[in-house]
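# Descriptive structure summary
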Amino acid sequence: MFSLEYFPPRDIAAQERLVRSAKRLMALRPAYVSVTFGAGGSTRDGTVDTVQLMQNLGADVAPHLSCIGSTREQLRTILDDYRARGLRRLVALRGDMPSGMGGDIGDLHHASDLVRFVRAEYGDAFHIEVAAYPEMHPQSLGAREDLDHFVAKVSEGADGAITQYFFNPDAYFDFVDRVRARGIDIPIVPGIMPITNYTQLARFSNMCGAELPRWLRLRLADFGDDKASIRAFGVEVVSAMVARLLEQGAPGAHFYTLNNADAVLAICANLTPAGHA
Ligand code: FAD
């Protein structure tokens, strides 16, 4: 089971590139595609427009929805609109406080509050995914608390989870074991970040608390500005990691496409029997 994540494009040219990529990626027959919300300065309208583009391509779409900084009424308006558009999936998040919001954190403060709200007001209208952090959320006070907070999201009604990306499969398997030990059996799908740009990856990883292992950093640094070699090496490393994850029981893979098709298609080609031949 593959799913794909896109972010709202900033301008028309970027939108055209996204549609071209998304059309090519439909060949993977994704179970669904998700569209981020408010990340990187994008707006709610950007999410809705991108959801519409993906529905036009025939994809089952899961908009991300973050609750921080919003009132219940604002969230209700968005959810009513999504339901009217025939959407049946959501990725429910707390989100990060955008700078300049003057400290108004809104009515719901944790993703578990949002899951409870959606279940209370919309019943089972939406299949809800939540975020999981095999290497812990960057603001977490400790591994146990972080797990407790994840368990709370599931207890409130999450159907599945997508992880933050990682390059250390042992962190994923350890997280899944600890979740299972708490009696939780929802699918926990590893989030997969293709490696295409070392500088960008290092920046993202610093922000979101994903560890770039030393061996990987040093191998990538060796390539300098040789983008083609970074991409080829990235496809090799990430394909091997996804193959191992799937072989050892991961229920699928959720690709952070960054709106590009090439790396994801190359990775998936390596995963098919033909790709191994
Ligand atoms: P939560 O599950 O609420 O957890 C956030 C932190 O609060 C954790 O440290 C947790 O341990 C702690 N916590 C939770 N509950 C409590 C409690 N009751 N008391 C005290 N502490 C608590 N960001 C965007 O802006 N837009 C997106 O579209 C987006 N998509 C994402 C998709 C995925 C798959 C992932 C993994 C992340 C995504 N993010 C997105 C980033 C996400 O919004 C941030 O990581 C955010 O900081 C946390 O969101 P959350 O839903 O995990 O929050």
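Look above for the structure.
Residues numbered from 1 in each chain as written. Predicted model: local features only at pLDDT ≥ 70, side-chain atom pairs only at ≥ 80, totals over all residues. Heavy atoms only, no water.

## Section: the site of the ligand
- In the neighbourhood of the ligand, 21 residues make up the surrounding shell, with Phe 37, Asp 96, Tyr 133, Asp 146 and Lys 153 lying closest.
- Within the backbone of Phe 37, one N or O atom sits 2.7 Å away from a nitrogen atom of the ligand.
- A distance of 2.7 Å separates an oxygen atom of the ligand from a polar atom in the side chain of Asp 146.
- Expressed as a share of its isolated accessible area of 980 Å², the protein-covered part of the ligand is 83%.
- Ranked by residues supplied to the shell around the ligand, first place goes to helix α5 (residues 143–155) with 3 residues.
- Looking at side-chain class alone, the shell around the ligand contains 8 nonpolar, 9 polar and 4 charged residues. (Near = heavy atom within 4 Å. Polar contact = N/O pair within 3.5 Å; in protein donor to acceptor, adjacent residues only side chain to side chain. Areas by Shrake-Rupley, 256 points an atom, 1.4 Å probe, with all protein chains shown as cover. Helix = DSSP H or I, 4+ residues; strand = E, 2+ residues; numbered from the N terminus. Nonpolar A, V, L, I, M, F, W, Y, C, P; charged D, E, K, R; others polar.)

## A few points about helix α6 (residues 169–181)
- The terminal C-alpha atoms of α6 lie 18 Å apart, and with 13 residues this matches the ideal 18 Å at 1.5 Å per residue to within 8%.
- The set of residues buried in α6 consists of Pro 169, Ala 171, Tyr 172, Phe 173, Phe 175, Val 176 and Val 179.
- Its buried side turned inward, α6 meets β5 (127–132), α5, β6 (160–163), β7 (188–189) and α9 (227–247). (Expected span 1.5 Å × (residues − 1). Buried < 20%, exposed > 50% of the residue type's maximum accessible area, 1.4 Å probe, protein only. Contact = heavy atoms within 4.5 Å.)

## Some details on the sheet that holds β5
- Across the sheet, 9 strands lie side by side as β7-β6-β5-β4-β3-β2-β1-β9-β8; this open sheet has parallel pairing. Of all the strands in the sheet, the pair left with one neighbour each is β7 and β8 (191–192).
- Alignment of strand β4 (residues 89–93) against β5, held across 4 bridges, turns out to be parallel. Looking at the pairing, Arg 89 lines up with His 127 of β5.
- Relative to β4, helix α4 (residues 111–122) is tilted by about 145°, and along the sheet it contacts β3 (61–66), β4 and β5. (Pairing = 2+ DSSP bridges. Axes fitted to C-alpha atoms, helices over the stretch in contact; angles between N-to-C directions.)

## With respect to the layout of surface pockets
- The volume enclosed by the second largest pocket comes to roughly 450 Å³.
- Within the residue set of the lining of the second largest pocket, elements represented by two or more residues are α1 (12–25), α7 (198–208), α9 and α10 (262–271).
- No other element matches α9, which puts 5 residues into the lining of the second largest pocket.
- Within the lining of the second largest pocket, the residues separate by chemical class into 6 nonpolar, 8 polar and 7 charged. (1 Å grid on protein atoms, 1.4 Å probe; cavity = no way out; pocket = protein on both sides within 12 Å on 5 of 7 lines; lining within 4 Å. Points joined across faces, edges and corners; volume = space filled by probe spheres on them.)

## Brief notes about the packing of helix α8 (residues 214–222) against α9
- It is at 10 Å that the axes of α8 and α9 come closest, and there the two elements cross at 155°. The angle between α8 and α9 falls in the class roughly antiparallel. By crossing handedness, the relation of α8 to α9 is classed as right-handed. Contacts from Trp 215, Leu 216, Arg 219 and Leu 220 in α8 reach Ile 230, Phe 233 and Val 237 in α9. (Parallel < 35°, antiparallel > 145°, perpendicular 65-115°, else oblique. Left-handed = near helix turned anticlockwise from the far one by under 90°.)

## Things to note about the side chain of Arg 89
- Its location among the elements puts Arg 89 in strand β4.
- Among residues more than four places away in sequence, those in contact with Arg 89 are Ala 31, Tyr 32, Asp 60, Val 61, Ala 62, Pro 63, Phe 126, His 127 and Glu 129.

## Quick look at the packing of aromatic side chains
- Tallying each qualifying case throughout the model produces 8 aromatic pairs.
- Here the aromatic rings of Tyr 122 and Phe 126 are separated by 5.9 Å at their centres, their planes lie at 65°, and the arrangement is edge-to-face. Each member of the pair, Tyr 122 as well as Phe 126, carries the same accessibility label: buried.
- Among the aromatic residues, those joined into a cluster by ring pairs are Tyr 165, Phe 167 and Tyr 256. (Phe/Tyr/Trp six-rings, centres within 6.5 Å; stacked < 30°, edge-to-face > 60°.)

All we've got here are geometric facts, nothing functional implied.
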